Structures are given as structure tokens and as C-alpha cells.
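Chain and residue survey
Single-letter residue listing:
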Amino acid sequence: MKHGVRAVILDEAQHLMKVGNGQSASKLLDQLDWIKSITNVTGVLHVLIGTYELLSFQNLNGQAARRGLDLHFKRYQFSVEQDRRNFQAALLALLKQVPLNTDIESLMQQWFYFYERSIGCVGVLKDWLIRASGACLRRGEDTLTIERIQEYAFNLASVRTYGYRCS
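The present account deals with the structure reproduced in this document. Predicted, not measured: the structure shown is a model, and the values here were computed from it.

The rules behind these values
- Residues numbered from 1 in each chain as written.
- Predicted model: local features only at pLDDT ≥ 70, side-chain atom pairs only at ≥ 80, totals over all residues.
- Heavy atoms only, no water.
- Helix = DSSP H or I, 4+ residues; strand = E, 2+ residues; numbered from the N terminus.
- Buried < 20%, exposed > 50% of the residue type's maximum accessible area, 1.4 Å probe, protein only.
- Areas by Shrake-Rupley, 256 points an atom, 1.4 Å probe, with all protein chains shown as cover.
- Patch = residues over 30% accessible without salt bridge, like charges linked within 9 Å, V, L, I, M, F, W, Y side chains within 5 Å.
- Salt bridge = Lys/Arg side-chain N within 4 Å of Asp/Glu carboxyl O.
- Phe/Tyr/Trp six-rings, centres within 6.5 Å; stacked < 30°, edge-to-face > 60°.
- Lys NZ or Arg CZ within 6 Å of the ring centre and 35° of its normal.
- Contact = heavy atoms within 4.5 Å.

**Focus: the overall build of the protein**
Secondary structure summary: the protein contains nine helices and four strands in total. Taken from the N to the C terminus, the helices and strands of the protein come in the order β-α-β-α-α-α-β-α-α-α-β-α-α. Among the 167 residues that make up the protein, the fraction classed as buried is 30%. For the protein, the exposed surface amounts to about 10,800 Å²; the carbon and sulfur share of it is 54%.

Below you can see the structure in the form of C-alpha cells.
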């Protein structure tokens, strides 16, 4: 705590499970022990964020299971009015972050298209907007249009496959 660090957040933490070369579960336990030791020595909370694969990592031993807390961030459900409003708010917040000219009002009128093609998962939506924005920047364009966004939409099959991880 010398520098005031209170937490270390590890995004995509499911990759800690990949120890390569078909290693046994003991190597995975070594990963957990390492995190536990760092936490004990520093007194700094470690937050692991990742896909559902991370759940099996936590359940490798009792200590990890006791010390962990699972927080599930569900996708927005179209059938729930508050979820629709929350999805629209998330879309608006993401569009405001786009480093290009955008007709936000016009794009917000297309919110259902964004919902449908992201299946209500903000992570999918964010990745999609990043892909489309990146394409515009690489092409020297200064405006993110619905046409460019449509061009970089994930296909429905891949979204449905991805969706099982955010539902």
C-alpha cells in the first residue's frame, strides 16, 4: 500500500488458465497460489474479470472458491423495458466516445438494429463500434456512418455463438 494501490484488475483473466503444452491442473493451481500470495504480501485486492471459462479456474480449490465472489453481468433483455432503456443509454455513451464525427441522433434512432446485432451484449456492441471506427480511421474518413457500422457488424451466427457467454 506504499503507493496507495487498492486493487489490481486483470481483464481477460480466463487466459491465466492457458498454461500451454497440456499441463496438468497443478499448474493452474500454481497460478491461483501466485495470485493469492501477491494479494497476501501486498494487501491489494485482485479482481479477475473474464468469460465463463474463469469460473472453472476459481473452482480448482476450496480457498479460491471461498475467497472469490462471482458477479454476473447479464446482457440486456429486450422484453424488459428498463433493460431497453439501459441498452440505449449504453449505446449513447459508446457513441459519444467515438473519435469521429457522428450523427448521434440518427444513430440512436437505429438502436434496435444495434440491439439485434449485438444481442443486447454491450461487450459485443463495443467491439463492433471499435471495428467500424478503426476502419474509418484507417481509411482516413472523419465520419462514422450507419453504412460503415453495418459493414462491420458481426454476422448473426458469430453473435449467437458469442452470446452464450454474455447471457
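Resuming the write-up.
**A word on a nonpolar patch on the surface**
Taken together, the side chains of L69, L71 and F73 make up a nonpolar region of the molecular surface, amounting to roughly 430 Å² of accessible area. Assessed through its relative accessible area of 70%, L69 is described here as exposed.

**Describing the environment of Q58**
The topology assignment puts Q58 in helix 2 (residues 53–58). Taking the relative accessible area as the measure of exposure, Q58 reaches 16% and is therefore buried. Placed 29 residues apart in sequence, Q58 and L29 show a C-alpha to C-alpha distance of 9.5 Å.

**Describing the packing of aromatic side chains**
One pass over the structure, following the stated rule, counts nine aromatic pairs. An angle of 70° between the planes, with centres 5.3 Å apart, marks the rings of F78 and F112 as edge-to-face. Placement of F78 in the loop between helix 3 (62–67) and helix 4 (81–97) and of F112 in helix 6 (residues 111–118) is noted, with a sequence separation of 34 residues between them. A relative accessible area of 33% places F78 in the partly exposed class. On the numbers, 5.3 Å between centres and 45° between planes, the contact of F114 with W128 is tilted. Here W128 lies in helix 7 (residues 122–138) and F114 lies in helix 6, a separation of 14 residues in the sequence. Cluster of aromatic residues (ring-pair linked, three or more members): Y76, F78, F87, W111, F112 and Y115. We note R131 situated over the ring of F154; from NZ or CZ to the ring centre the distance is 4.2 Å.

**Some thoughts on the side chain of D83**
For D83, the location among the structural elements is in helix 4. Every residue in contact with D83, bar those within four places of it in the chain, is listed here: R75, Y76 and Q77.

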